[in-house]
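Structural characterization, general
Take a look at the letters that make up each chain.
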Amino acid sequence: MNILVVGSGGREHAIVTAIAKSPKADKIYCAPGNAGISRLAECVPIKAMDFDALVTFAKENSIDLTVVGMDDPLVGGIVDKFEEAGLRVFGPNRAAAILEGSKAFSKDLMKKYNIPTASYETFTDPGEAIAYLKTVRFPIVLKADGLALGKGVLICNDLSEAMKGVKSIMQDKQFGSAGNMMVVEEFLTGREVSVLSFVDGKTIRIMDSAQDHKRAYDNDEGPNTGGMGNFSPSPFYTKDVDEFCQKYIYQATVDAMAAEGRPFKGVIFFGLMLTEDGPRVLEYNARFGDPEAQVVLPRLKNDIIDVFEACIDGRLDQIDLEFESDKAAVCVVLASDGYPISYEKGFPIKGLEAFDGKQDYYCFHAGTAFKDGEVVTNGGRVLGITAIGSDLKEARAKAYEATGWVSFENKYMRTDIGRAIDLI
Ligand code: AMP
Ligand code: GLY
């Protein structure tokens, strides 16, 4: 089969790596891809939002299956464009991707179908939002309705912070049109867990859980980032948690989307908070997480092409997902110092060959590019170093060992990825 993957981050490198394991994959393309992906796939310089050029490319190159990794093209309707052109594509269409594209939509959906989540109010008028905020208990959470690169969530400790937040989201439009609407949400406390799932419109199959580290600095300090590392499975995702989520969250979400006339096909990412009162949905994403994909997919035993095709054809009920669940994975992100605020790029990366032929070690590229034949840094998150071990401790030791194999100017990483596991 000829396969096209759309995206250019560590998540897409993990997806391409899983696809490359399948005997069904003949030729893999990635648009636009990055330096690491180019070792497994032919990278084509088409932007993920250039739907017409992607459709033309897919037709001209007899692409049998396209897999979309990123949120922007999904929310923008790339799947609809491919389907209209008669092409097979894995991912939710525009009507279903709204699950991630609008927080107001997803909150209303959860409320309507009794899916456990934080209580909330939605506003389109900043004055009304402020009047409401004068009546609430703090801390409180403000969320821009639309996509905001994972940054549209503000936790406010008092009214003055909240008023500044309303101004930046709704009036200064810090996140652009994502701030036309705003959700004000109850502040929840607990451990966060990410659960990815495959969905075919009716059936849902859950992948191994993962735990992200979103803040830039050690001890969960500093600004929120796309994710500085993570591990899987999460020891906090217990049997009881799983039973609760199976009963009240996973299938309920899939059924709710179908009942709304928006059947979801693709990956649903459940961002969960394990509160004292039980699991609550913090957010949905309509795609694999990044770096979650980098710790979950390396342990998937199924042929991922079979799973993608079963989702497209609505026969996921015939597939049992299997993971190397007796093993654990840890991913440490190597970033450019200064990420997510400001950082330099273009520095040569040395030592990448150390990963060649090493079992249990992966070097997923995120922001990398070629310059004069050399691999150089080209983004905030540069590499995701993943290691597999017999348990989380071993995986973490191996991942940190491997972070020393590569070097580049301005290399920055958190030193405490997976440390929470020492607590249990
Ligand atoms: P989201 O993009 O919705 O996942 O939000 C980003 C981060 O903000 C989450 O990973 C949480 O750490 C935090 N967050 C979001 N919603 C809440 C909430 N209701 N209570 C506490 N923290 C939250
Ligand atoms: N790691 C969080 C995300 O992919 O949104």
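Structure shown above.
Summarised in this report is the structure supplied together with it. Note that this is a predicted model, so its numbers are computed, not measured. (Residues numbered from 1 in each chain as written. Chains lettered and ligands numbered in written order. Predicted model: local features only at pLDDT ≥ 70, side-chain atom pairs only at ≥ 80, totals over all residues. Heavy atoms only, no water.)

Observations concerning the packing of helix 7 (residues 126–133) against helix 8 (residues 159–171)
In a packed pair of helices, the relevant descriptors are the angle between the two axes and the axis-to-axis distance. Selection rule: Angular values range over 0 to 180 degrees, each being the angle between N-to-C directions of two axes fitted as lines to C-alpha atoms, with helices fitted over their stretch in contact. What counts as a helix is a DSSP run of H or I of at least four residues, what counts as a strand is a run of E of at least two, and both are numbered from the N terminus. Convention used here: angles under 35 degrees read as roughly parallel, angles over 145 as roughly antiparallel, angles from 65 to 115 as roughly perpendicular, and any remaining angle as oblique. Here is the rule for handedness: rotate from the far helix to the near one, and if that takes an anticlockwise turn smaller than a right angle the crossing is left-handed, while a clockwise turn gives right-handed. Two residues qualify as a contact provided that any one of their heavy atoms is within 4.5 Å of a heavy atom in the partner residue. Classification used: nonpolar for Ala, Val, Leu, Ile, Met, Phe, Trp, Tyr, Cys and Pro, charged for Asp, Glu, Lys and Arg, polar for all others including Gly.
Axis separation between helix 7 and helix 8 bottoms out at 10 Å; the angle between their running directions is 160°. In terms of orientation, helix 7 and helix 8 fall into the roughly antiparallel class. The interaxial crossing formed by helix 7 with helix 8 has right-handed handedness. Here Pro 126, Ala 129, Ile 130 and Leu 133 of helix 7 lie close against helix 8, whose contacting residues are Leu 159, Ala 162, Met 163, Val 166, Met 170 and Gln 171. Looking at the contact of helix 7 with helix 8 residue by residue, the classes come out as nine nonpolar, one polar and no charged.

Section: a nonpolar patch on the surface
To be explicit about the condition: Patches draw on residues past 30% relative accessible area with no salt bridge. Two like charges within 9 Å are joined, as are two nonpolar side chains (Val, Leu, Ile, Met, Phe, Trp, Tyr) within 5 Å. Per-residue and other accessible areas follow the Shrake-Rupley method at a 1.4 Å probe size, with only the shown protein chains counted as cover for residues. Note on definitions: salt bridges are taken to be side-chain nitrogens of Lys or Arg within 4 Å of carboxyl oxygens of Asp or Glu.
A cluster of nonpolar side chains, Val 153, Ile 155 and Phe 187, forms an exposed patch at the surface whose accessible area comes to about 230 Å². Structurally, Phe 187 can be placed in the loop between strand 9 (182–186) and strand 10 (191–200).

Focus on the pattern of salt bridges
Note the following rule: When accessible area is computed with a 1.4 Å probe and restricted to protein chains, residues below 20% of their type maximum are described as buried, those above 50% as exposed, and intermediate ones as partly exposed.
Summed over the entire model, instances satisfying the criterion amount to 23 salt bridges. Put simply, Arg 88 and Asp 313 hold a salt bridge, and the shortest N to O gap is 3.0 Å. Taken together, the positions of Arg 88 in the loop between helix 4 (78–84) and strand 5 (89–90) and Asp 313 in helix 11 (residues 304–313) put the pair 225 residues apart, joining distant regions of the chain. Note that Glu 283 is salt-bridged to Lys 103, the shortest N-O span being 3.7 Å. Of this pair, Glu 283 sits in strand 17 (residues 278–285) while Lys 103 sits in helix 6 (residues 103–112), and the two are 180 residues apart along the sequence. By the burial criterion, Glu 283 is buried, and Lys 103 matches it.

Details of the packing of helix 1 (residues 10–20) against helix 11
Packing of helix 1 against helix 11 leaves a shortest axis separation of 8 Å and a crossing angle of 105°. Between helix 1 and helix 11, the interaxial angle falls into the category roughly perpendicular. Between helix 1 and helix 11, the residues in contact are Ile 15, Ala 18 and Ile 19 and Ile 304, Ile 305 and Phe 308, respectively.

Details of the sheet that holds strand 10
What counts, and what does not: Strand pairing is defined by DSSP finding a minimum of two bridges between the two strands.
Read across the open sheet, the four strands follow the order 11-10-16-17; overall the sheet is antiparallel. Every other strand in the sheet has two partners, leaving strand 11 (204–206) and strand 17 as the edge strands with one partner each. Sheet twist, expressed as the mean angle between neighbouring strand axes with direction ignored, is 35°. By the bridge criterion, seven bridges tie strand 16 (residues 265–275) to strand 17 in an arrangement that is antiparallel. Among the inter-strand pairings, Thr 275 is bridged to a residue of strand 17, identified as Gly 278. Contacts from helix 9 (residues 239–259) reach strand 10, strand 11, strand 16 and strand 17 within the one sheet, and its direction differs from that of strand 16 by about 140°. Running at roughly 70° to strand 10, helix 11 makes contact with strand 10 and strand 16 of the sheet.

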